[in-house]
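# An overview of the molecular structure
Chain by chain, the residues:
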Amino acid sequence: MSRYTLTDQDEDNFLSHGSGSGLASIFGPGGGMNDSGKNPTLTYTAPKQPKKSTKNPDAHQVLATAVVDCQKHVSGKYVPQGKLGCALLGLHSTRDYKILLYVSNNKHVTTARVDSTFKFTVQANNYVSFYDDQRQAWSLYFANPDELVKLAKEMTVCKANTVGPALSQLIQQDLLLGEGQTIEKGDSVEVKYTGALLENGTIGKVFDSNTSSDKSFRFKVGRGKVIKGWDEGTVGMSRGGKRVLIIPSSLGYGTQGAPGKIPSNATLVFEVEVRKIKFSKEREVEQTSTTLPKVDTPPTDRKRDGVSETVRERTQSIEESLHSVEGEGDNGGGGSNRSDILSRISKMGQPMLPMSYGSTTINEQTETIVASNVQPVSTQPIVTQQPIQPQPQA
């Protein structure tokens, strides 16, 4: 609300006897009446408008605010600091922007200067981490996710404003993290979006949106089917994630623009939400190969007469011996040898466990039975650790 003040001149109008519209001239001696019975001073005069107070042109404006649960990173862990105010302040004339944590107007906790390289890392469950001007790490929890989205969007605009009209690189900021694998070039995605112009340092006219449509916009990332800002800006997003992209004209519609919607050399602001992802065939094959468990048991090497051999090799050797015996039996005289071997195997009873290195030599037939009773290694799912407190990123 604009503030108004009364000047000394305004006060004199109500007190001076010499003023034609002053109260004293109306109720003074004789009542100010002339012979005709009319008071010449009772003529309508438009009142003076009170003057607005002059604002300090060097004062920062409040662009967005929120109440957050604050934690400070000390000695390798986060220490609760209680509830604090978080404000995004900006002075457009000097392109000076900053994040302020405060207790009251007169009690500030810390500040962080916002430029094109400032990292405001949105994490799961409405947490955000950043470094202040003293390189102190902070973690903020937003109870209201809408306040987080608003502050993050405004801050992204501030990051672009610090560069000014010379902006040539893509500015992107996550508003909400998604779930699952991230998008890579070659994947097909379906998105909801809203596109607006960046005008006078703020988000201006909306020129396109499909948020009210039942259908999402589908395209293949990194294949040149959309503007470069989209091909680059959607990489790394997940299903359900939201991100704001500020796209310079060099990565947008360039000098041509879009007739009737986008002027020449316009900087664009897109808010994008990923609804579906269809991974490329190469990634699907890779995902399948990495998710299937391996149950192959490494063979146990042994040394026999100075030669290393595996259980599988010894099993094959026994099978070859049996086939050899059968061959001899066909020629006559070998059947008794084969029967003798089978008889010896049946009398062994329960299979013996493999001996450790350096033990006495084990009968090859015994090792054959051991090999046939080797059970595959059980592959129980690995229980992942619960998510730890979000850590700030440098």
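Here the structure is a predicted model, which means the values were calculated and not measured.

### With respect to the overall build of the protein chain
Counting its regular elements, the protein chain contains eight helices and 17 strands. Evaluated residue by residue, the protein chain yields a buried proportion of 32% over its 394 residues. Within the protein chain, contacts between residues separated by at least 24 positions form 57% of all contacts whose residues are at least 6 apart in sequence. Element-wise, carbon and sulfur atoms account for 51% of the exposed surface of the protein chain, whose accessible area totals about 25700 Å².

### Points about helix α3 (residues 145-161)
Between its terminal C-alpha atoms α3 stretches 25 Å, which fits the 24 Å expected from 17 residues at 1.5 Å a residue. Along α3, the positions that sit buried rather than exposed are Leu148, Leu151, Ala152, Met155, Thr156, Val157, Cys158, Lys159, Ala160 and Asn161. Two or three places before Asp146, at the start of α3, stands the capping residue Asn144, its side-chain oxygen 3.0 Å from that residue's backbone nitrogen.

### Digging into the pairing of strand β8 (residues 127-131)
Two faces make up the sheet, and in a regular strand the side chains alternate between them. With five of its five residues buried, β8 lies for the most part within the structure. By the alternation rule, side chains of β8 split into Tyr127, Ser129 and Tyr131 and Val128 and Phe130, which are all buried. One ladder, built from two bridges, connects strand β7 (residues 121-122) with β8; its direction is antiparallel. Considered in β8, the bridge of Thr121 is made with Ser129. Here β7 hands over to β8 after four residues, with Asn125 in that stretch at a positive phi of 60°. In this structure, β8 lies alongside strand β9 (residues 137-142), joined through five bridges in antiparallel fashion. Bridged to Ser129 within β9 is Ser139. Hairpin remark: β8 followed by β9, antiparallel, with five residues in the connecting loop; positive phi at Arg135, about 60°.

### A word on the sheet that holds strand β4 (residues 77-91)
A sheet is described by the order of its strands in space; here seven strands give the open sequence β6-β5-β4-β3-β9-β8-β7, paired in antiparallel fashion. Each edge of the sheet is formed by a strand with only one pairing partner; in this case those strands are β6 (107-114) and β7. Those strands touched by α3 are β3 (61-74), β4, β5 (96-104), β6, β7, β8 and β9, and its axis lies near 105° from that of β3.

### Digging into the pattern of salt bridges
Two side chains that carry opposite charge are able to pair once their charged atoms sit near each other. All chains considered together, the criterion is met by five salt bridges. Measuring nitrogen to oxygen at the nearest pair gives 3.6 Å for the salt bridge that ties Asp115 to Arg113. Owing to a relative accessible area of 49%, Arg113 belongs among the partly exposed residues under this scheme.

### Considering the nonpolar core
Counting 34 residues, the largest nonpolar core has Ile99, Phe120 and Phe130 as the members making the most contacts within it. In terms of residue count, α3 provides more of this core than any other element does, seven residues in total. In this structure, Ile99 is in contact with Cys86, Ala87, Leu88, Thr110, Thr111, Ala112, Val114, Phe118, Phe130 and Leu151, ignoring residues within four places of it in sequence. Ile183, Val221, Val226 and Ile277 belong to the second largest nonpolar core, which has 25 residues in total.

### Side note on unusual backbone geometry
At Asn125, a residue that is not glycine, the phi angle is positive and equals roughly 60°. Note on placement: Asn125 falls in the loop between β7 and β8. In the Ramachandran plot, Asn200 falls in the positive-phi region, its phi being about 55° despite a non-glycine side chain. One can find Asn200 in the loop between β11 (188-199) and β12 (202-209). On the accessibility criterion, Asn200 (81% relative accessible area) is exposed.

### Topic: the environment of Gly229
Along the chain, Gly229 turns up in helix α4 (residues 228-233). Taking relative accessible area as the criterion, Gly229 reaches 0% and is therefore assigned buried. For Gly229 and Ile171, which are 58 residues apart along the polypeptide, the C-alpha to C-alpha distance reads 9.3 Å. Leave out the neighbours within four places in its chain, and Gly229 touches Leu170, Leu245, Ile247 and Leu251.

Analysis parameters
Residues numbered from 1 in each chain as written. Predicted model: local features only at pLDDT ≥ 70, side-chain atom pairs only at ≥ 80, totals over all residues. Heavy atoms only, no water. Helix = DSSP H or I, 4+ residues; strand = E, 2+ residues; numbered from the N terminus. Buried < 20%, exposed > 50% of the residue type's maximum accessible area, 1.4 Å probe, protein only. Contact = heavy atoms within 4.5 Å. Areas by Shrake-Rupley, 256 points an atom, 1.4 Å probe, with all protein chains shown as cover. Expected span 1.5 Å × (residues − 1). Polar contact = N/O pair within 3.5 Å; in protein donor to acceptor, adjacent residues only side chain to side chain. Pairing = 2+ DSSP bridges. Axes fitted to C-alpha atoms, helices over the stretch in contact; angles between N-to-C directions. Salt bridge = Lys/Arg side-chain N within 4 Å of Asp/Glu carboxyl O. Core = buried A, V, L, I, M, F, W, Y, C linked by side-chain atoms within 4.5 Å.

Purely geometric stuff here, so don't read any function into it on its own.
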